[in-house]
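An overview of the molecular structure
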Amino acid sequence: MSNVIVLGSQWGDEGKGKIVDLLSEQAGTIIRFQGGNNAGHTVMVGDKTYILHLVPSGILHDDTKSVIGNGLVVDPKALLKEINDLKSMGIDCRGKLFISDAANLIMPYHKLLDGAREARRKGTKIGTTGRGIGPAYEDKVARTGIRFADIEDTPAFKEKVDLLVNDKNLILKHVLEHSGPLLDSDQVYRELIGFGKELSPFVCDTSELVAEELKQGQNLLFEGAQGTFLDIDHGTYPFVTSSNTVAGGACSGGGIGPTQIDRVAGITKAYTTRVGEGPFPTELFDETGELLAKEGHEFGATTGRPRRCGWFDACLLKKAIRVNGITDLVVTKLDVLDKLETIKICTSYQDKAGNSYDSLPSKQSLQKELTPVYEEVAGWKSRTSGITAYDELPEQARKYIERLEKILGVPACIVSTGPKRDETIIRKSLF
Ligand code: GDP
Ligand code: IMO
Ligand code: MG
C-alpha cells in the first residue's frame, strides 16, 4: 500500500492529467487538493479527449473514487457543467465523485472582482485565468467565504448572502470603478440554493471518507493543480496563483496527515512552458521556441492562450525537489524534442553584475534581469513518439534523461512519449 502525491514542478501544464489518469489504475481514491477551475488537465484515452478542470483525472476509471478536497475553491456552475459534459461522454460521476463540505465556493462576484482587478493592474497584470480564484481564496482567508456545508435556504443565510453581494457591489463600483452591471443579490441567492440542491448528493466530509479508504488499505493518489512556481509561497510571487500547490498542500487541502504520504512524484516537461505573466529565465523568442510550441501544441487547456516556451531549467527543478520533497520525477513530452539538433539545460543564472545563482532569487527586479547559463547536449533527431520501452529510446534521448537525473539527483521513474495513456515508459512503479 502506498500513498502518492502527483504535482507540477514547473509553471503548470506539465501533463499531470495524463499521469494521474495512468496511475489511477493502481489507486483506489484520487484526491484533488487545491486550486479550482483555473486548472485544465487533459486526458486522452483512445480517440476521446477529456479536459478536466475540477473533477479529478481518475474519474475515467470504473473502480475509483474521486474527491474534490477542502483545499479547493469550487465554482458550482462550472462543476455542474463538467459533471454534465462527462455524462454526455459516457462518464457518470454519481456514486464516484465526492465534494468536501468544507470546500469554499467561487461566487459570481469573485469572477467580476478577478476581471476588475486585472483591468486596474497597469503594467503588472498577472494574466489570471479570470475564474475568480484569487478573490475566492481571499474571502476564505478573510473568513467571509461560503462553504458547501453552509448552504441552506433560511432567512439567516439569505441575509448573509445579501450582505456579501452588497459589499462586493460597493467595492466593484466605488473602489474598482467597474462600469458593467452589478449583481442582484436575490438572483445570486436563488442560483446558489439551486446549485446547492443539485450538488448536495455529492457533498460529504471527505476527510472521513479518505480516512476510511486508508483503513480499507486503498492506495491514495493526490492530484495537484498548477505547479510549484505558481505556489503562493514558493512561486514567482506575485505572478502566482492563490493556493499552496506544493506537496504540503496535499495534507491541508486533502484532509490527511503528512505521516501518511509515501512518495511525491514531480511531473516535469522535458522543456519549460508558462501561461500568463511573470519571470521565465529560459524563455525562447526564436524559431526553437516556436518549434516547441508547435510540436507540443502549447495552448492553455483552460483559456486557450498560447503558452510561452523555453529550455529545461534545472535550477527551477532543484528548488521544486527541495520544497516538495520529490522522490520521483516523471518526465513528459520527451517526443516534442525529437527534431532538435542540440538541446540546452539551464544549470545556473547570472545577473548583470556577473553574480551567479543556482536557484531563482526571490527579489522580483532581479528575476527579470537574469541570464541563463546553459549546458548543451546532442539531440537524437529521430522519432520517440509512442515508445513504451526505455531500451527502445535512441541513445541520445536516454543520455538526456540520465543527464537530468544526474544534475537533479532524483530518478525519472516514468517518461512520457505522447499524450495517450499507453504512450508511456514506466521504469519503476510508484505504488
Ligand atoms: P496538466 O495541466 O499538467 O494536466 O497538463 P495539460 O493537460 O494542461 O497540458 C499537457 C498537454 O500535453 C496536454 O495536451 C496533454 O495531452 C499533452 N501531453 C501529455 N504528455 C504528453 C507527452 O508525453 N507528449 C506529448 N506530445 N503530449 C503530451
Ligand atoms: P494546470 O493545473 C498553467 C496561471 C495563470 C496566471 C496565474 C494566476 O492546468 O497546470 P489564477 O487564475 O490562478 O489566479 O492565475 O496562474 N495558472 C496556470 N498556468 N496551468 C494551470 O493549471 C494554471 N492555473 C493558473 O495563467 O498566470
Ligand atoms: Mg493544464
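Residues numbered from 1 in each chain as written. Chains lettered and ligands numbered in written order. Predicted model: local features only at pLDDT ≥ 70, side-chain atom pairs only at ≥ 80, totals over all residues. Heavy atoms only, no water.

When you go through the protein chain residue by residue, the secondary structure sums to twelve helices and 20 strands. The C-alpha radius of gyration of the protein chain comes to 22 Å, within 12% of the 22 Å expected for a compact globule of 431 residues. Overall size of the protein chain, expressed as C-alpha extent along the three principal axes, is 70 × 55 × 40 Å. Considering the protein chain as a whole, with its 431 residues, one finds that 56% of them fall into the buried category. Of all intrachain contacts in the protein chain linking residues separated by at least 6 positions in sequence, the fraction that spans at least 24 positions is 76%. Total accessible area computed for the protein chain in this model is approximately 18100 Å², and 50% of it derives from carbon and sulfur atoms. The centroid of the 53 positive side-chain charges in the protein chain is displaced by 3 Å from the centroid of its 59 negative side-chain charges. (Helix = DSSP H or I, 4+ residues; strand = E, 2+ residues; numbered from the N terminus. Rg over C-alpha atoms; globule rule 2.2 N^0.38 Å. Buried < 20%, exposed > 50% of the residue type's maximum accessible area, 1.4 Å probe, protein only. Contact = heavy atoms within 4.5 Å. Areas by Shrake-Rupley, 256 points an atom, 1.4 Å probe, with all protein chains shown as cover. Lys, Arg positive; Asp, Glu negative; His and termini not counted. Charge placed at Lys NZ, Arg CZ, Asp CG, Glu CD.)

This paragraph deals with the site of ligand 1. Neighbouring residues of ligand 1: 18 residues in total, closest Lys16, Gly17, Thr42, Asp335 and Ser416. Surface burial for ligand 1 is 92%, taken as the share of its 590 Å² of free accessible area covered by protein chains. Sorting the residues of the shell around ligand 1 by element identifies helix H1 (16-23) and strand S3 (41-45) as the ones contributing at least two each. Of the residues forming the shell around ligand 1, the biggest block, three residues, is contributed by H1. Across the shell around ligand 1, the residue classes break down as three nonpolar, eight polar and seven charged. Each of domain 1 (3-100 + 204-263) and domain 3 (268-426) contributes no fewer than three residues to the shell around ligand 1. (Near = heavy atom within 4 Å. Nonpolar A, V, L, I, M, F, W, Y, C, P; charged D, E, K, R; others polar. Domains from an automatic or database assignment.)

Ideal donor angles around a metal are set by the shape: a four-donor tetrahedron calls for 109.5 degrees, a six-donor octahedron for 90 or 180 degrees. Protein ligation of the magnesium ion (ligand 3) involves Asp13 (OD) and Gly40 (O), the donor distances falling in the range 2.0 to 2.2 Å. Of this pair, aspartate 13 sits in the loop between strand S1 (3-8) and H1 while glycine 40 sits in the loop between strand S2 (29-32) and S3, placing them 27 residues apart in sequence. Aspartate 13 gets classed as partly exposed once you look at its relative accessible area, which sits at 22%. (Donors = N, O, S within 2.8 Å, 3.2 Å for Na, K, Ca; no water.)

Our focus in this paragraph is the side chain of asparagine 324. Among the structural elements, asparagine 324 can be located in helix H10 (residues 314-324). Here the side chain of asparagine 324 touches alanine 320 through a polar contact of 2.9 Å, landing on its backbone oxygen. If we skip the residues at most four places from it in the chain, asparagine 324 touches Leu7, Thr228, Val246, Ala247 and Val264. (Polar contact = N/O pair within 3.5 Å; in protein donor to acceptor, adjacent residues only side chain to side chain.)

Attention now goes to the domain arrangement of the protein chain. Partitioning the protein chain into structural domains gives domain 1 (3-100 + 204-263), domain 2 (105-199) and domain 3 (268-426). The distance between the C-alpha centroids of domain 2 and domain 3 comes to 38 Å. Buried area between domain 2 and domain 3, summed over both chains or domains, comes out near 380 Å², and the portion from carbon and sulfur atoms is 48%. When the buried area of domain 2 at its contact with domain 3 is split by residue, Gly127, Thr129 and Arg131 rank highest and sum to 68% of it. Remark: the boundary between domain 2 and domain 3 carries zero salt bridges. The interface formed by domain 2 and domain 3 holds three residue pairs in polar contact (both at pLDDT 80 or more) in total. Looking at the side of domain 2 that touches domain 3 residue by residue, the class counts come to one nonpolar, three polar and two charged. (Buried area = accessible area lost by both parts, 1.4 Å probe. Salt bridge = Lys/Arg side-chain N within 4 Å of Asp/Glu carboxyl O.)

Next up on the list: the environment of serine 416. Considering the arrangement of structural elements, one finds serine 416 in strand S19 (residues 412-416). Sequence separation between serine 416 and aspartate 335 is 81 residues; the distance between their C-alpha atoms is 8.0 Å. If near-sequence neighbours (up to four positions away) are discounted, serine 416 is found in contact with Lys18, Val331, Thr332, Lys333, Leu334, Asp335, Glu423 and Thr424.

The next subject is the packing of helix H2 (residues 76-88) against helix H6 (residues 185-199). H6 packs onto H2 with a crossing angle of 40° between their chain directions and a minimal axis gap of 10 Å. Judged on the interaxial angle alone, H6 and H2 are oblique. Crossing geometry of H2 relative to H6 is assigned as left-handed. Across the interface between the two elements, Pro76, Lys77, Leu79, Leu80 and Ile83 from H2 touch Phe195, Glu198 and Leu199 from H6. Here the contact of H2 with H6 is composed, by residue class, of six nonpolar, no polar and two charged. (Axes fitted to C-alpha atoms, helices over the stretch in contact; angles between N-to-C directions. Parallel < 35°, antiparallel > 145°, perpendicular 65-115°, else oblique. Left-handed = near helix turned anticlockwise from the far one by under 90°.)

All right, on to the site of ligand 2 then. Taken together, 21 residues lie near ligand 2, and Lys16, His41, Thr129, Gln226 and Thr241 sit nearest. Histidine 41 places a polar side-chain atom, nitrogen or oxygen, 2.7 Å from an oxygen atom of ligand 2. Backbone polar atom of glycine 127 to an oxygen atom of ligand 2: 3.4 Å apart, as the coordinates give it. Contact with the protein chains hides 97% of the accessible area of ligand 2, taken as 550 Å² for the molecule alone. A per-class count over the shell around ligand 2 returns eight nonpolar, ten polar and three charged.

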